[in-house]
Every structure is written in structure tokens, then in C-alpha cells.
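What follows is the residue order along each chain.
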Amino acid sequence: MTETRTRVLHWFVSGGVARAPDGEQFTIDVDALVVGRDPGANIVIADLEVSAFHCELRAVGEGILVKDLGSTNGTFLGPVRIREATIVTTSELTVGRSKIILEPQAKRRVEVGFSDHFGPLVGISPRMRRVFGVLEKVASTPLSVLIVGETGTGKELVARAIHDAGERAGGPFVVVDCGSIPPNLAESILFGHEKGAFTGAAERRKGALAEADGGTLFLDELGELPIELQPKLLRALSEKQVKRVGGATFEAIDVRVLAATRRDLGAEMNAGRFRSDLFFRIAQVRVELPSLRDRLSDLPLLVEDVCRRVGKPEHVAMVLAWIEQRMASHDWPGNVRELVNVASVAATLADEPGAIDDVLMLARDEAPIDRLGGGGGSAFSEAKRGAIASFEKEYFNALTKRCKGNVSEMARQSGMERHHVRAYLRKYRIDKSVH
């Protein structure tokens, strides 16, 4: 881990002002301003043709970024309907039957802090430094935090880092993957159930909310939470008590809620698939993680961190050189998770000439690099399976030993989801209990 920087860095953004239909003026900064009809929006417009959460405005380096949030009637710049656009001159935005005047201003410096890490998270880019600054401020508070970002940006890692840095670090950290909850068991998973409450309920069980008492509940993929369950969750969080399925009494809970989503919850609320009151209860603080392609300056530090975690710190320069040579134009659709996997493979195999190319390129279904011979399709497939299987088995054996069988730690170090780690352990019959 590199040492924390000792001076405050700055980020240059344009920003500006937005003049609402009633003449009120709002400052546009790096944090998004939401325009909509819902009382929870930052700029509330009483226009029936404006969606509850219509669009958002934020300052970026080039000007003012306007993003439509899946509105029903659209966001227009002049006669053109836009999904996303950057405004660089004074412009008139049309939402419903209302007009908003946007006035970009000269670029100004925004302090983004000096930390280049937060817990296990690392980065030197302005956007990540700003994220770290926000995390440092909210970690010790009881505020609920919504973490948004593309798949692979590290949302669960951020949630665990917040938990570990806060006053509840000694308490439980309970994860609920809302995207994988069976509809018929959703209420039981969250709130628990009494024995005999339904077919298969052979014993009394706590739900995730009660299990997280005194600690943190992390709701992963919050946007996937069934709509019929949302008011019950809101009530439980507001009243700080839960009642098990089939139960007659309430039990008190003391839980901090962190949540993550890759969905556009503004669009989900406009479509009636997510409740705005639950959104505002959970999104007291909103943290947006940038994609890796928007923070490429962090790549060397990330690679250094991966190599250190897999026990190959001496291979940093070699791995970086390989990535620069082979993946210079890659846009990293899998984000940091993809980089972690690539760098882990490269660092592990760096002592074997050509092995990195063989395994990684074959795993991506790319052509072999003149090392597998000219055999037919079956020979190629067999070589591919063998190379990948050999690496996977070696990698997960070493990872299991290094993490002493702790699946959560294995998931953190590999940049994978826990259920994927378990799948590999089953595939190669690796017994995590013996390590």
C-alpha cells in the first residue's frame, strides 16, 4: 500500500446554475441535482407532465452533464430529445411543459481530498479521491448509504469498508443479495419466520434484519427487491422492529443499512417498480463509483495492490507491461473485478514465459499465440480447457490457503462474488475447512 498523500488535490469542473420555472436558482456541483415532480427531488417542478424523477444535472470538467432518468415524456435540449448530453453554453432545457435555464460557468477548483485509499480500496484519480473523502466522513455516522455503479466497480467492497471503519465494526455484517431472493421466501429471508409458518418451516429462524442487529445490513442489488416487500422493509427500518412470518410480536432491531445497485433507480421509480419513500430512507448518502475506463490513472496502483495480495509484489512491473502491451485499447467492461482477475493470473504466471498469454487469451476465446500448435478444433478446445483448469485449480488452492478458508476474504482478494468462489471450490473439490 502506498503512503497517503500529504497535500490536498483539486479537480477542475465547470459547474454553473440552473434556473427553475419559478425563478429559483440552484447551484450545479459535482453531486447530482435531481429534477422531478416528487417532493424528494432537489428541484421540484409542479408539472403533471414531469416525471417523479425526470433528469439529473451535475458538474463535470467539460460543462454541465444532463442525464434523463427514464422520464415518460423525455428531456429536450431545444427540439432534440436527449438521454445524456454535456451543456457548455447557456441553454434551455425542456421537461414536461416547463423550462429550465442552464448557465455553465468558468472552471473552478474542487477539493477532492488527499487520501489515496480507504480500507482496502485504492486510487489516485480525482473521482476516487472524492469518493474516499465522502466515505471517511460518513463511515462513523449512522447514515444509510446507497452505493451505485456498474457491475465490477467494487460496491460490496465499499460497503464492507464503511462497516469496518465505523462504530459497528465489531458487529455483524450481513449480506442479502436481493437479486437472488426466491419470491416465495423473500419475506422470510428478511424478517425471519416461526416454526410451521409455511410448508418447509421446520424450525424458528431469524431473518437478515435480526441477524444484523448491532451491526450492518448490506442489501446488494437493491433495485431487484420485490415491490411487494418494499413497504414492509420501509416500515421495519422506520420503526426499528421486525415481526417474523407467522409471528405475533415485534422484536427491536438496531441496524445500519448500506445498499448497492447497478440499476437506474430513478427510472425504476418512474416505472413504478421501486418506491420513492424507501429510496430516500436508504439513500441518505449516495456514493457513485466510477467505471475503470473513467479512472485509468488508478490502474498501476490497482495492479500493485493485486500483486501484493496474491503474494507476487515483485511482478508489478511485468504485469503492468503485459497489460499495456496486450490490452492498451481494452475498455474493461468488467471494471475493477475484471482487472483483478487479469492481474491475478498475470502475477501468478509471470515466471513462466508465454503462460500469461496462453491462459488469458484462451480464456477470452481469442486465438492462441503460436504456442498450441496447429491441431484441429478438438485439440484447441482440449488445450484451452486444460490450461484454464490448471490455472483455476492452482489459483483457488493458493487463495484458500492464503485466506485460511474464509470465503468472504477469498471473494475480496479475488474480486469475485462469494457464490462464484464457492462454485470454484466445489468444481475442484477444494476443502476450505482443512486450511
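Given the structure is predicted, the values throughout are model-derived calculations rather than measurements. (Residues numbered from 1 in each chain as written. Predicted model: local features only at pLDDT ≥ 70, side-chain atom pairs only at ≥ 80, totals over all residues. Heavy atoms only, no water.)

A.B. asks: Residue-level account of the nonpolar core, with values.
C.D. replies: Grouped together as the largest cluster of nonpolar side chains are 38 residues, with contacts concentrated most on Leu 209, Leu 217, Leu 219 and Leu 222. No other element matches helix α5 (residues 230–239), which puts four residues into this core. Leu 320, Val 342, Ala 346 and Ala 347 belong to the second largest nonpolar core, which has 23 residues in total. (Core = buried A, V, L, I, M, F, W, Y, C linked by side-chain atoms within 4.5 Å. Buried < 20%, exposed > 50% of the residue type's maximum accessible area, 1.4 Å probe, protein only. Helix = DSSP H or I, 4+ residues; strand = E, 2+ residues; numbered from the N terminus.)

A.B. asks: So, the packing of helix α9 (residues 316–326) against helix α10 (residues 335–349): which residues are in play, and what are the values?
C.D. replies: At a closest axis distance of 9 Å, the pairing of α9 and α10 adopts a crossing angle of 120°. The angle between the axes of α9 and α10 places the two elements in the oblique class. When the axes of α9 and α10 are compared, the crossing they make is right-handed. Residues Val 319, Trp 322 and Ile 323 of α9 touch α10, and the partners they reach there are Leu 339, Val 342, Ala 343, Ala 346 and Ala 347. Split by residue class, the contact of α9 with α10 holds eight nonpolar, no polar and no charged. (Axes fitted to C-alpha atoms, helices over the stretch in contact; angles between N-to-C directions. Parallel < 35°, antiparallel > 145°, perpendicular 65-115°, else oblique. Left-handed = near helix turned anticlockwise from the far one by under 90°. Contact = heavy atoms within 4.5 Å. Nonpolar A, V, L, I, M, F, W, Y, C, P; charged D, E, K, R; others polar.)

A.B. asks: Please give an account of the sheet that holds strand β24 (residues 285–288) that cites residues and values.
C.D. replies: Pairing within the open sheet is parallel, and its five strands lie in the order β17-β20-β23-β16-β24. Of all the strands in the sheet, just β17 (173–177) and β24 have a single pairing partner and so form its edges. Sheet twist, expressed as the mean angle between neighbouring strand axes with direction ignored, is 20°. Sheet topology note: the β17/strand β20 (residues 216–220) ladder contains five bridges and is parallel. (Pairing = 2+ DSSP bridges.)

A.B. asks: Hey, could you go over the packing of aromatic side chains for me, with residue numbers and the actual values?
C.D. replies: Across all of its chains, the model carries six aromatic pairs by this definition. Between Phe 53 and Phe 279, the aromatic rings sit 6.4 Å apart at their centres with planes inclined by 55°, giving tilted as the arrangement. Of the two residues, Phe 53 is situated in the loop between β5 (43–44) and β6 (55–59) and Phe 279 in helix α7 (residues 276–282); the sequence distance between them amounts to 226 residues. Each member of the pair, Phe 53 together with Phe 279, is buried. (Phe/Tyr/Trp six-rings, centres within 6.5 Å; stacked < 30°, edge-to-face > 60°.)

A.B. asks: Account for the sheet that holds β5, with residues named and values stated.
C.D. replies: Spatially, β5-β4-β6-β7-β10 is the arrangement adopted by the five strands of the open sheet, whose pairing is mixed. Strands with a single pairing partner mark the edges of an open sheet, and in this sheet they are β5 and β10 (84–87). Alignment of strand β7 (residues 64–68) against β10, held across four bridges, turns out to be antiparallel. Bridging across to β10, Val 66 finds its partner in Ala 85.

A.B. asks: Describe the pattern of salt bridges, with residues and values.
C.D. replies: Under the definition given, this model contains 22 salt bridges. The partner of Glu 288 in a salt bridge is Arg 58, and the shortest N-O contact between them spans 2.7 Å. On the criterion of sequence distance, the pair formed by Glu 288 in strand β24 and Arg 58 in strand β6 is long-range, its members being 230 residues apart. Between Asp 254 and Arg 168 there is a salt bridge, with the nearest N and O atoms lying 2.6 Å from each other. Residue Asp 254 is located in the loop between β22 (251–252) and β23 (256–261), and its partner Arg 168 is located in the loop between α2 (155–165) and β17; the two are separated by 86 residues in the primary sequence. (Salt bridge = Lys/Arg side-chain N within 4 Å of Asp/Glu carboxyl O.)

A.B. asks: Which residues make up α10, and what values go with them?
C.D. replies: Because the α-helix completes a turn every 3.6 residues, residues three or four places apart line up on one side. With 15 residues, α10 should cover 21 Å at 1.5 Å per step; its first-to-last C-alpha distance of 22 Å lies within 8% of that length. Extensive coverage of α10 is indicated by the burial of 13 of its 15 residues. (Expected span 1.5 Å × (residues − 1).)

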